[in-house]
Amino acid sequence: MSSAEINKNEVDIVIGALNADLTQFLTSWRPFFSGFHLIVVKDPELKEELNIPEGFDVDVYSKTDMEKVVGASNATMFSGYSCRYFGYLISKKKYIVSIDDDCVPAKDPKGFLVDAVTQHVINLENPATPLFFNTLYDPYCEGADFVRGYPFSLRSGVPCAASCGLWLNLADLDAPTQALKTEQRNTSYVDAVMTVPAKAMLPISGINIAFNRELVGPALVPALRLAGEGKVRWETLEDVWCGMCLKHISDHLGYGVKTGLPYVWRNERGDAVESLRKKWEGMKLMEKSVPFFESLKLPETALKIEDCVIELAKAVKEQLGSDDPAFTQAADAMVKWIQLWNSVNSSV
C-alpha cells in the first residue's frame, strides 16, 4: 500500500503542541502530512500563540475550546502531553496517528525518508497475530509470510487495535537510564513489525503511535498523572499507563497490538539529570502496576470498550487505591473520561 492508496478521509493526525513554533516540525512532515486533516491541540499551559505554516488542512484547539466542549473543571485533564487526548476525543475519523512535536521523519538504511503515516495505517489495516508468534515477524508485510508450522486456523489473525512506532536518535528511555547513559543514542533501524503476544505487557509510548479509534478509542485514556509531572516525556507516565490499559483491554476483547516500524527521528529535549532532581514517583508506581495487570481479569460481561475501562477503573480503585493517591485519581479520571467520551460522541 502506498500513500496514494490510503483513504485520507479516514485518518486524523493529532499533534499535541507543547512548543509554540511548529514551523520546523510541520515543514519537515509536509511530504507525509499533505492531504490529511490535522488536529493540533495546544497545551493549555502554553502562553505563546502557535506559529503554524500555511498549506495544511488543520484545526487548532486551545484551552478555550476545551472548556467549551468539556467544561472548565474537566479541561485540566488535558494539560501537558495529555492535551493530545482532546484531539482523540473530538476526532470523528477511523484512524488516529499521533506524533510528538519534537520528532521529524527518520531515514531508513537506504537514506529515504520514512512515511510514518502510511506505515501506521498499513499496520492497522492488516490483521494482528497475538495468539501464535510468527518468527518471520508480521506475516502480512511485503516479503514475509507465515512460517512452517503456523496453524492455518489462526492465519486470518485478529483486528489490529494499535500501532506503536519507534524512535531513532533519542530513544524513549526513562530518566535514570538516560542520566546514566547521557551519550547513548539509538542508531539501530530494525526493518520489522511484530504483534505483541497476548497477555504480554508493554510500555506503549505516546511519542509515535496510531490506533483504530472506532475499535478502541475510549481505551486511550488520560488518567495516571504524577505529582511532579513535567513537560518532557521522562517526567510523565500517562502514555505508559494508558498503553497498559489499552493492551489489557485489547487482549480481553481479542484484538492485537503491533510494534516496530515506523521510526521517527526524535530530537533532543530536556535534561534527564535535572529531571531526576524532582520528586518523581514513576518508577514506584510502575512496580505496583505490573502485578496488578498480571492478575487482573475483566469480567466476561464487559464486551464494550467503555465497559472495560469502567471495570478496569473499579479494579484500580479497589486494589491500588490504598497504595497511592495517584491510583485513586487515575481511577476517577478513567470514569470521567468515559463520561466525556459518551457525551461528546453522542452529541454528534
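Placed above this text is the structure.
None of the values given here were measured: they were computed from a predicted structure.

(A) Main features of the nonpolar core. By size, the foremost hydrophobic cluster in this structure holds 69 residues, and its most contacted members are Phe78, Trp241, Leu312, Met334 and Trp337. Examining the composition of this core, we find that eleven residues originate from one element, helix H11 (residues 325-346), more than from any other. Excluding residues that lie within four positions of it along the chain, Trp337 makes contacts with Met77, Phe78, Tyr85, Leu89, Pro218, Leu220, Val221 and Pro222. Within the second largest apolar cluster, 34 residues are counted, among which are Val11, Ala17, Val97 and Ile99.

(B) View of the environment of Asp65. Here Asp65 shows up in helix H2 (residues 63-70). Between the alpha carbons of Asp65 and Ala75 there is a distance of 9.2 Å; along the sequence they are ten residues apart. Residues in contact with Asp65, not counting those within four places in the same chain, are Val60 and Phe86.

(C) Structural context of the packing of helix H10 (residues 305-320) against H11. For the pair H10 and H11, interaxial distance at closest approach is 8 Å and the crossing angle is 165°. Between H10 and H11, the crossing angle belongs to the class labelled roughly antiparallel. For the pair H10 and H11, the sense of crossing is left-handed. In this structure, H10 uses Glu306, Val309, Ile310, Leu312, Ala313, Val316, Lys317 and Leu320 to contact H11, whose residues at the interface are Phe327, Thr328, Ala331, Asp332, Met334, Val335, Ile338, Trp341 and Asn342. Classifying every residue of the contact of H10 with H11 by side-chain character gives twelve nonpolar, two polar and three charged.

(D) Fine view of the pattern of salt bridges. If you walk through the whole model with that rule in mind, you get nine salt bridges. Here Asp138 and Lys258 are joined by a salt bridge, their closest N and O atoms 3.0 Å apart. Of the two residues, Asp138 sits in the loop between helix H4 (116-125) and strand S6 (160-169) while Lys258 sits in strand S9 (residues 256-266), which places them 120 residues apart along the sequence. Here Lys258 falls in the buried class, since its relative accessible area comes to 0%. A salt bridge links Arg233 to Glu238; the shortest N-O distance between them is 2.8 Å. By relative accessible area, Glu238 is classed as buried at 0%.

(E) Region of the structure containing the side chain of Arg84. Within the secondary structure layout, Arg84 lies in helix H3 (residues 84-90). Taking the relative accessible area as the measure of exposure, Arg84 reaches 4% and is therefore buried. The contacts of Arg84, once residues within four sequence positions are left out, are Val14, Gly16, Ser98, Gly206, Ile209, Arg233, Glu238 and Asp239.

(F) Geometry of the side chain of Glu306. For Glu306, the position within the fold is in helix H10. Among buried charged residues, Glu306 stands out as having no salt bridge; its nearest opposite-charge side chain is Lys304, 4.6 Å away. Beyond its immediate chain neighbours, meaning those up to four positions away, Glu306 contacts Pro218, Ile338, Trp341 and Asn342.

(G) Structural context of the layout of surface pockets. If you add up the space inside the largest pocket, you get close to 800 Å³. Tallying contributions element by element places H4 first for the lining of the largest pocket, with three residues. In terms of residue class, the lining of the largest pocket is built from 15 nonpolar, four polar and six charged. The volume enclosed by the second largest pocket comes to roughly 460 Å³. Lining the second largest pocket we find 23 residues, and of these Asp172, Leu173, Asp174, Pro203 and Val240 sit closest to its centre.

(H) Main features of the packing of aromatic side chains. Across all of its chains, the model carries 17 aromatic pairs by this definition. Ring centres of Trp337 and Trp341 lie 5.7 Å apart, and the angle between their planes is 50°; on these two criteria the pair is classed as tilted. Here Trp337 and its partner Trp341 are both found in helix H11, four residues apart, which amounts to about one turn of the helix. A network of ring pairs unites the aromatic residues Tyr61, Phe78, Tyr85, Phe86, Tyr88, Phe211, Trp337 and Trp341 as a single cluster. The lysine or arginine in question, Arg155, covers the ring of Phe152, its NZ or CZ lying 3.7 Å from the ring centre.

Rules used in this analysis
- Residues numbered from 1 in each chain as written.
- Predicted model: local features only at pLDDT ≥ 70, side-chain atom pairs only at ≥ 80, totals over all residues.
- Heavy atoms only, no water.
- Core = buried A, V, L, I, M, F, W, Y, C linked by side-chain atoms within 4.5 Å.
- Buried < 20%, exposed > 50% of the residue type's maximum accessible area, 1.4 Å probe, protein only.
- Helix = DSSP H or I, 4+ residues; strand = E, 2+ residues; numbered from the N terminus.
- Contact = heavy atoms within 4.5 Å.
- Axes fitted to C-alpha atoms, helices over the stretch in contact; angles between N-to-C directions.
- Parallel < 35°, antiparallel > 145°, perpendicular 65-115°, else oblique.
- Left-handed = near helix turned anticlockwise from the far one by under 90°.
- Nonpolar A, V, L, I, M, F, W, Y, C, P; charged D, E, K, R; others polar.
- Salt bridge = Lys/Arg side-chain N within 4 Å of Asp/Glu carboxyl O.
- Lys, Arg positive; Asp, Glu negative; His and termini not counted.
- 1 Å grid on protein atoms, 1.4 Å probe; cavity = no way out; pocket = protein on both sides within 12 Å on 5 of 7 lines; lining within 4 Å.
- Points joined across faces, edges and corners; volume = space filled by probe spheres on them.
- Phe/Tyr/Trp six-rings, centres within 6.5 Å; stacked < 30°, edge-to-face > 60°.
- Lys NZ or Arg CZ within 6 Å of the ring centre and 35° of its normal.

All we've got here are geometric facts, nothing functional implied.
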